[in-house]
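# An overview of the molecular structure
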Amino acid sequence: MDDISVTFVDRGRVQADRNFVVDGTSVATASNPHPDHEYETYVVWNLVIETPEQTILWDTGSHPEAGDGYWPEPLYEAFAHVDAAEHTLADDLGAVGYGIEDVDAVVTSHLHLDHAGGLYNFAGTDTPIYVHRDELPFAYYSAKTDEGSIAYLASDFDHDLNWQIVHGDSYHLTDGVELLHLPGHTPGLLGALVDRPSDPLLVVGDEAYVEANYEGHPMATSLLWNNGAWKDSLEQCRNIQRETGAEVLLGHDLSAFEALA
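Predicted, not measured: the structure shown is a model, and the values here were computed from it.

Cut-off values and rules
Residues numbered from 1 in each chain as written. Predicted model: local features only at pLDDT ≥ 70, side-chain atom pairs only at ≥ 80, totals over all residues. Heavy atoms only, no water. Helix = DSSP H or I, 4+ residues; strand = E, 2+ residues; numbered from the N terminus. Rg over C-alpha atoms; globule rule 2.2 N^0.38 Å. Buried < 20%, exposed > 50% of the residue type's maximum accessible area, 1.4 Å probe, protein only. Contact = heavy atoms within 4.5 Å. Phe/Tyr/Trp six-rings, centres within 6.5 Å; stacked < 30°, edge-to-face > 60°. Pairing = 2+ DSSP bridges. Core = buried A, V, L, I, M, F, W, Y, C linked by side-chain atoms within 4.5 Å. Axes fitted to C-alpha atoms, helices over the stretch in contact; angles between N-to-C directions. Expected span 1.5 Å × (residues − 1). Arc of directions from axis to C-beta. Polar contact = N/O pair within 3.5 Å; in protein donor to acceptor, adjacent residues only side chain to side chain. UniProt positions renumbered as here; feature names shortened; annotations may be inferred. Salt bridge = Lys/Arg side-chain N within 4 Å of Asp/Glu carboxyl O.

Let's shift gears to the overall build of the protein. For the protein, the count of helices and strands is eight helices and 12 strands. What you see for the protein is a C-alpha radius of gyration of 18 Å, in line with the 18 Å of a compact globule of 261 residues. Along the first, second and third principal axes, the C-alpha set of the protein runs to 60 × 40 × 35 Å. The 261 residues of the protein split such that 55% are buried. In the protein, the proportion of contacts linking residues at least 24 apart, taken out of those at least 6 apart, comes to 68%.

So, on to the packing of aromatic side chains. Tallied over the entire structure, the rule returns seven aromatic pairs. Centre to centre, the rings of F8 and F257 are 6.0 Å apart; their planes meet at 80 degrees, and the pair counts as edge-to-face. Residue F8 is located in strand β1 (residues 5-17), and its partner F257 is located in helix α8 (residues 254-260); the two are separated by 249 residues in the primary sequence. Summarising the burial analysis for this pair, F8 and F257 share the class buried.

This part is about the pairing of strand β10 (residues 190-194). With four of its five residues buried, β10 lies for the most part within the structure. Bridge analysis of strand β9 (residues 177-181) against β10 gives five bridges, and the strand direction is antiparallel. Bridge assignment links H181 to a residue of β10, and that residue is L190. Note that β10 and strand β11 (residues 201-205) share three bridges and pair antiparallel. When the bridges of β11 are listed, A192 appears paired with V203.

Looking now at the nonpolar core. Membership of the largest hydrophobic core comes to 28 residues, with the highest contact counts inside it found for L202, V204, V210 and Y214. Residue assignment for this core shows that the elements contributing at least two residues are β1, β2 (39-50), β11, α6 (211-214), α7 (227-244) and β12 (247-250). In terms of residues, this core owes the most to one element, α7, which gives four residues. Each residue touching V204, except ones within four places of it in the same chain, is listed here: L182, L189, Y214, C237, V248, L249 and L250. Judged by nonpolar contacts, the second largest core, of 25 residues, contains W45, A105, V107 and L201.

Turning next to the sheet that holds strand β8 (residues 170-174). In spatial order, the strands read β8-β9-β10-β11-β12; together these five strands make up an open sheet with mixed pairing. Each having just a single partner strand, β8 and β12 make up the two edges of the open sheet. Within this sheet the neighbouring strands show an average axis-to-axis angle of 20 degrees, counted without direction. Contacts from α7 reach β9, β10, β11 and β12, with the element oriented near 170 degrees to β11.

Position of N46 among the secondary structure elements: in strand β2. In this structure N46 touches T7, F8, V9, R11, L57, W58, D59, T60, G61 and L89, once residues within four positions along its chain are discounted.

With that settled, the discussion passes to α7. Over its 18 residues, α7 runs 26 Å from end to end, which matches the ideal 26 Å to within 8%, given 1.5 Å per residue. Buried within α7 we find A229, W230, S233, L234, C237 and I240. Taken around the axis of α7, the buried residues stretch over an arc of 140 degrees, which confines them to a single face. Projecting away from the buried face of α7 at angles above 90 degrees are the exposed residues D232, R242 and E243. Its buried side turned inward, α7 meets β9, β10, β11 and α6. Two or three places before G228, at the opening of α7, N226 has a side-chain oxygen 3.1 Å from that residue's backbone nitrogen. G245, located one to two residues past α7, shows a positive phi value of around 70 degrees.

With that settled, consider the UniProt feature "domain: Metallo-beta-lactamase" (unreviewed entry) in the protein. UniProt tags residues 43-252 as "domain: Metallo-beta-lactamase" (unreviewed entry). Summarising residues 43-252: 23% helix, 24% strand, and an end-to-end C-alpha distance of 5 Å.

According to the stated counting rule, one finds seven salt bridges in the structure shown. Of the charged contacts in the structure, one is a salt bridge between R13 and D10, with a shortest N-O distance of 2.8 Å. Note on D10: relative accessible area 29%, which makes it partly exposed. A salt bridge links D199 to R196, with the nearest nitrogen and oxygen atoms 3.1 Å apart. In this structure R196 comes out as buried when scored by relative accessible area, which is 11%. Within the structure, one salt-bridge network assembled from shared partners comprises R196, D199 and E247.

Quick look at the structure:
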C-alpha cells in the first residue's frame, strides 16, 4: 500500500555465545576437546509502523535497568544487554521522531524480557496491547511458577494494560498489516507481513535470530519451546517470502538489521 511506512528503532546490543543462537556452533570432539567459542553481538530493535489508521509500535525492548539487577543474574550472564541503560523507549522513539504519546497500538511479538521490558510505559492507559492467545497464559505460567521458560519476568507485563488478544493463525490488524502466528520459539510468537509500497516486509522476529536460523539451523534447545512447531513456522515464513518477494526482518541479526534500517 502506498501509505504504509516502517521506521526501524535501534534499541541497543546484546552479547551472547553463538551456541545459544545457532545450535552446535562449538562442539567438543575427541581431537578438539576445547573448541573456541564465538561471543557475538546481537541487536535489539523495535519498529514504528505508520498507517493511515494508526501508528503501531512493534515490541518495547528491554527494561533500561536490565544490567542493574532488573534481569536475574543467570539470564544477564547468558544474554547481556550491555547498553540497555542508554536505550529507554522514550529516548529511542524520540531519536526517530516519535513520542510514546504518538503510539496508537502496541504489538508484542512475545513476552520475553528483551521484547516486553518497556510495556510499563503503557500501564494505566487505553493503548491497546496486542498479544497472541497462546503467549499470555504461558508467560504468566512461566513467570509465576518454576516451570515453563525462565525468559519471562512478571514485572515486565503484570501491569494494568489494555490487552487485545489475537486468536488463530493470522489476524488483520489494519489495512496492510497482517499478524502471523509463528509458534516454536514461544507458544504465541507473532510475526507480520507489512504491505509497504512495492516493498513488502516480512517480520519473522525471533522465529529466526540470525540468517543461519532462517536457513534451517535451529537455535539451542533453551531458546525453543517446540522444535517441531519452529520448523513448521519456518516453512510458513519461507512460503510467504517466495509468494510475496518480501524482505525479511530477523530477530537479532545485527548485520541484517543494519542492511534494512
